Amino acid sequence: MPQKRSSETTQSSQMDSEGSQQQKSSQKRSQKHNYSEDDLQKAMESCSLDGPGRTTLKEASERFGVPISTISARLHGRKDRRSAHEHQQLLTKEQEATLARICQNRGYRGDPISLAELRGLAGAIN
């Protein structure tokens, strides 16, 4: 078996290292948060308390499992993703809930709504 030259070995290890780094970064990007909105609210409350019961962002992050940057951003007024894009929605939350109830009722009766009907109902509600 022929031996690899040192430059080929170095290139091969560099490519393996780059591939590993790309895989790690794509895994980070695809990770969803594993905390609830309730956890975030508790973390924010513990940080915003005055007096001896107040915790630091780092302590709250560790205790509730919420990233420090998320707690900080929300304390400084940033909205959650759903609220931030609410103005782009065609239906309000109440209208959406009404439409969902209509769909559920029809489904329970064994007469599910078609996509065309759903669009028509959404237009009528809006």
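Residue numbers here run from 1 along each chain, matching the order of that chain's written sequence. Since the coordinates come from a predicted model, pLDDT governs what is reported: local features require at least 70, and pairs of side-chain atoms require 80 or more to be given and counted, while whole-chain, interface and lining totals use all residues. As a convention, hydrogens and water are excluded, and side-chain values are obtained from all of the structure's heavy atoms.

Chemist: How would you explain the side chain of S46 if you had to name every residue and give the values?
Modeler: Strands are runs of DSSP state E lasting at least 2 residues, helices are runs of H or I lasting at least 4, and numbering of each runs from the N terminus. With respect to the helices, strands and loops of the structure, S46 is situated in helix α2 (residues 37–48). When its relative accessible area of 8% is taken as the criterion, S46 is described as buried. Any pair of nitrogen or oxygen atoms within 3.5 Å is treated as a polar contact; in protein, a donor-acceptor pairing is required on top of that, and neighbouring residues in sequence qualify only through side-chain atoms on both sides. A distance of 2.9 Å separates a polar side-chain atom of S46 from the backbone oxygen of A43. There is a polar contact of 3.1 Å between the side chain of S46 and the side chain of T55. Each residue touching S46, except ones within four places of it in the same chain, is listed here: G53, R54, T55, A60, R63 and F64. Whether a residue is buried, partly exposed or exposed follows from its accessible area with a 1.4 Å probe, protein chains only, as a fraction of its type maximum: under 20%, in between, or over 50%, in that order. Only heavy atoms matter for contacts: two residues are in contact if any of them lie within 4.5 Å across the pair.

Chemist: Would you mind going over the confidence of the model for the protein chain in detail, with residue names and values included?
Modeler: Predictor confidence is given residue by residue as pLDDT, running from a minimum of 0 to a maximum of 100. Of the residues in the protein chain, 74% have a pLDDT of 70 or more, and the chain-wide mean is 80. Of all helices and strands in the protein chain, the one with the weakest mean pLDDT is helix α1 (residues 6–30) (52), whereas helix α6 (residues 93–108) scores best (93).

Chemist: Tell me about α6, residues and numbers included.
Modeler: Given 3.6 residues per helical turn, the α-helix brings residues three or four places apart onto the same face. The end-to-end C-alpha separation of α6 is 22 Å, in line with the 22 Å expected for 16 residues at 1.5 Å each. Regarding α6, the residues found buried are Q95, L99 and R106. Take α6 and look down its axis: the buried residues cluster within an arc of 35°, on one side only. Opposite its buried face, α6 presents the exposed residues E94 and Y108, each directed more than 90 degrees away. Downstream of α6 by a residue or two, G110 has a phi angle that is positive, lying close to 85°. Under the convention used throughout, the expected extent of a helix is 1.5 Å for every residue step, that is, one less than its residue count. The reported arc concerns the directions from the helix axis to the C-beta atoms and nothing else.

Chemist: Describe the nonpolar core, with residues and values.
Modeler: The term nonpolar core refers to a set of buried residues drawn from Ala, Val, Leu, Ile, Met, Phe, Trp, Tyr and Cys, joined through side-chain atoms within 4.5 Å. Within the largest apolar cluster, nine residues are counted, these being Y35, L40, A43, M44, C47, A60, F64, V66 and I71. In terms of residues, this core owes the most to one element, α2, which gives four residues. Excluding residues that lie within four positions of it along the chain, A60 makes contacts with A43, S46, C47, T55, G65 and I71.

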